[in-house]
Amino acid sequence: MDTTGIPHPPHRLPLLGDVVGLDPRAPVQSSLRLVRDLGPISVRRVLGTEIITVGGAGLAAELNDETRFGKHVGLSLRPLRRIVGDALFTAEDGEPNWRLAHDILQPAFTRDAMRGYHAIMVEVARELLDRWDAVADHGGQVDVTGDMTRLTLETIGRTGFGYRFGSFDRDRPHPFVTSMTRALRYANLSVAPPVRRVLAGSARRHRADIEAMNRLVDDVIRARRGGPAPETSDLLDLMLRTAHPETGRHLDVVNIRRQVITFMVAGHETTSGALSFALYHLTRDPDALARTQAEVDALWGRADDPVPAFTDIPKLRYTRAVLDEALRLWPTAPGYLRAARADTVLGGRYRMSKGDWALVMLPLLHRDPEVWPDPDRFEPERFAPGQAKKRPAHAYKPFGTGQRACIGRQFALHEAVLALGLVLHRYRLVPDDGYQLKIAESLTLKPQGFRLAPRRR
Ligand code: MNH
C-alpha cells in the first residue's frame, strides 16, 4: 500500500521502525497512546510489517463496505489460526468450511435461540451469586475478572457442549483453561522477537497443551456420539447431526474439534471482560449505578431470589446501555483487520492494491472526537433509545462487521445483561479506593487486579 502522506508516530528508528513507546505486553494500550493524536488514519512500521491503523468513523465505514473489503486473518489471528485452522473465527474469507459451519450454526445464535440457553444462563449466574454470598458473609473481597471468567466459561461449556468445567468449585482454573491460556500465550509470543520468544516457554509444553485440549474435546465429542442426544439441541449436537441445507455436507470431526475450541476461546474472555469493565465503571459512577439498580428493582422488586424470565432481559434497557458503553470505551476484542478485495482508493487518497489490509482499531474508533462528545467519559445515556440513529452507522463496532461479525453477539449480550442485572439487584459493591484501572492484554482486554467487596443490599 502506498503510505505516503499517512502520518506516523515520531521517533521512527532505522530497521526497527515505530517501536519507541510500544509495549509488547500492552500493544493495544501503547498503540493507542502512539497514534491517538495522529488523526483518523496512521501508519506504523513494526519490524518490517506496515500497520495501517484506522480510527475515524468515515474511513472505518469504507473498510466495512463488504463489496470492497473482507476479513483479513493477520496479526494476532495468525497464531490462533495455527491452533484452530479454518474454524469460524480464523477461516479466511471464502474458505469452504467457513460457509459450511456458519450456515449450520447460525440458527443456534438467533435472538429466539437464546430462549433455549436462558435456564442454564440463570443457573450459572446463581452459582456466581452463591459464591459472592459466601464472600459477603465473611466481609471479604472478590476478584471480579476471575469470577466473571468462571461465569462465562461455565456458560459456554454447558450451553454449547453440555460440559461442566466446575469453575465455581475450584480455586485453580480447570486444566483445559490452563492449557488454553498458555497455548494462546505461546502462539502469540512465538511470532514476536527472540527475546520475547524465550518467555513463551518450551515448544514441547506447547504441543502438550494442544494435545490436552484436543483430548478433552475429543472425549466430549465421543461421549456425545455414544450417548443419547440432549433434550434441547446445542452447538455440538448441531455440528454432529446437521447437514448443510443446500449442499448436504457435514462438518468433519477434526473441524468440529476446532470449532469447539474456537467457541471456548472466543466465547468467554470477551464477555467476561465486558462484564468486568461494566462493573468497574459503575462502581465509579454513583448516578449510573443508582439508575441501573433502580431498573432491576423496578423489574424484580426486592424479592430475595428473583427468577428472571427470558422476556425480562430485553426490558433491562439501561443495564444493556451500561454494557454498550463499557464496550465502547474498552472493546474487549479491540480490533479487526480488513483487506481490499481489489485495487481501490481509501478515503479518496490512499491507494490500496488487492490484498492490502488495514486495522480498524476499536478503542480509537469508539473515541472518534467527530462522533463522540467528551469521548473518554463513561456515559450510558449515549445508548438511550434513539441515540444510535443520530450517529454515523459505523462509529460503533464492538462485534465487528459484515458477514464475519460476531456470531455470538446475542448470546453474549443476553448472558451479560442477565448476570449484571442479578449482581446489581443483590449487592452493594464496595470498591477499593486506591484501585487504578490496569488493563491486561492477551487476545482480549480485561481489567487486572480489580477487586470489589460485595455486601447484601
Ligand atoms: Mn465474538 C467474531 C467480539 C462474544 C464467537 N467476535 C467476533 C469479532 C468480534 C467479536 C469483534 C470479529 C473479529 C474479526 O473480524 O476478526 N465476541 C466479541 C465480543 C464479545 C463476543 C466483544 C462479548 C462481549 N463471540 C462471543 C461469544 C461467542 C463468540 C459469546 C460464542 C458463543 N465471535 C465468535 C465467533 C466469531 C466471532 C465464532 C467468528 C465469526 C465468523 O467469522 O464467522
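Reading the values: rules and limits
Residues numbered from 1 in each chain as written. Predicted model: local features only at pLDDT ≥ 70, side-chain atom pairs only at ≥ 80, totals over all residues. Heavy atoms only, no water. Near = heavy atom within 4 Å. Polar contact = N/O pair within 3.5 Å; in protein donor to acceptor, adjacent residues only side chain to side chain. Helix = DSSP H or I, 4+ residues; strand = E, 2+ residues; numbered from the N terminus. Phe/Tyr/Trp six-rings, centres within 6.5 Å; stacked < 30°, edge-to-face > 60°. Buried < 20%, exposed > 50% of the residue type's maximum accessible area, 1.4 Å probe, protein only. Lys NZ or Arg CZ within 6 Å of the ring centre and 35° of its normal. Pairing = 2+ DSSP bridges. 1 Å grid on protein atoms, 1.4 Å probe; cavity = no way out; pocket = protein on both sides within 12 Å on 5 of 7 lines; lining within 4 Å. Points joined across faces, edges and corners; volume = space filled by probe spheres on them. Nonpolar A, V, L, I, M, F, W, Y, C, P; charged D, E, K, R; others polar.

- In the nomenclature of an unreviewed UniProt entry, the protein is known as Cytochrome P450 of Actinoallomurus iriomotensis.

Points about the site of the ligand
Move 1: Among the 25 residues in the neighbourhood of the ligand, the closest are listed as Lys71, Leu88, Trp98, Arg404 and Cys406.
Move 2: Between the ligand and Leu88, the relevant distance is 3.2 Å, taken from an oxygen atom to a main-chain nitrogen or oxygen of the residue.
Move 3: The set of elements that each furnish at least two residues to the shell around the ligand consists of helix H11 (253-266), helix H12 (269-282) and helix H16 (409-426).

Focus: the packing of aromatic side chains
Move 1: Here the structure, examined in full by the defined rule, presents 13 aromatic pairs.
Move 2: Both rings, one in Phe165 and one in Phe176, keep their centres 5.7 Å apart while their planes meet at 45°; by these two values the pair is tilted. Of the two residues, Phe165 sits in the loop between helix H6 (144-161) and helix H7 (175-189) while Phe176 sits in helix H7, which places them 11 residues apart along the sequence.
Move 3: Taking 5.7 Å as the distance between ring centres and 80° as the angle between the ring planes, the aromatic pair formed by Tyr280 and Phe450 counts as edge-to-face. On the criterion of sequence distance, the pair formed by Tyr280 in helix H12 and Phe450 in the loop between strand E11 (445-447) and strand E12 (451-456) is long-range, its members being 170 residues apart. Take Tyr280 and Phe450: they sit in the same class, and that class is buried.
Move 4: Cluster of aromatic residues (ring-pair linked, three or more members): Phe109, Tyr117, Phe263 and Phe411.
Move 5: Directly above the aromatic system of Phe89 lies the positively charged group of Lys71, at a separation of 4.5 Å from the ring centroid.
Move 6: We note Arg367 situated over the ring of Trp330; from NZ or CZ to the ring centre the distance is 4.7 Å.

Remarks on the pairing of strand E5 (residues 335-340)
The side chains of a regular strand alternate, residue by residue, between the two faces of the sheet.
Move 1: Most of E5 is tucked away, with 5 of its 6 residues classed as buried.
Move 2: Two strands pair when backbone bridges link them, and strand E3 (residues 69-71) and E5 are joined in this way by 3 bridges, in the antiparallel orientation. Bridge assignment links Gly70 to a residue of E5, and that residue is Ala339.
Move 3: Relative to strand E8 (residues 357-361), E5 runs antiparallel, the two being bridged by 5 bridges. For Ala339, the partnering residue across the bridge sits in E8 and is Trp357.

Let's talk about empty space enclosed by the protein
Move 1: Under the definition given, this model contains 4 cavities of 30 Å³ or more.
Move 2: The space that makes up the largest cavity amounts to roughly 60 Å³.
Move 3: Around the largest cavity, the lining residues are Gly157, Phe161, Tyr163, Phe165, Phe176, Leu216, Val217, Val220, Val260 and Met264.
Move 4: Residue assignment for the lining of the largest cavity shows that the elements contributing at least two residues are H6, helix H9 (203-226) and H11.
Move 5: Examining the composition of the lining of the largest cavity, we find that 3 residues originate from one element, H9, more than from any other.
Move 6: A class-by-class count of the residues in the lining of the largest cavity yields 9 nonpolar, 1 polar and no charged.

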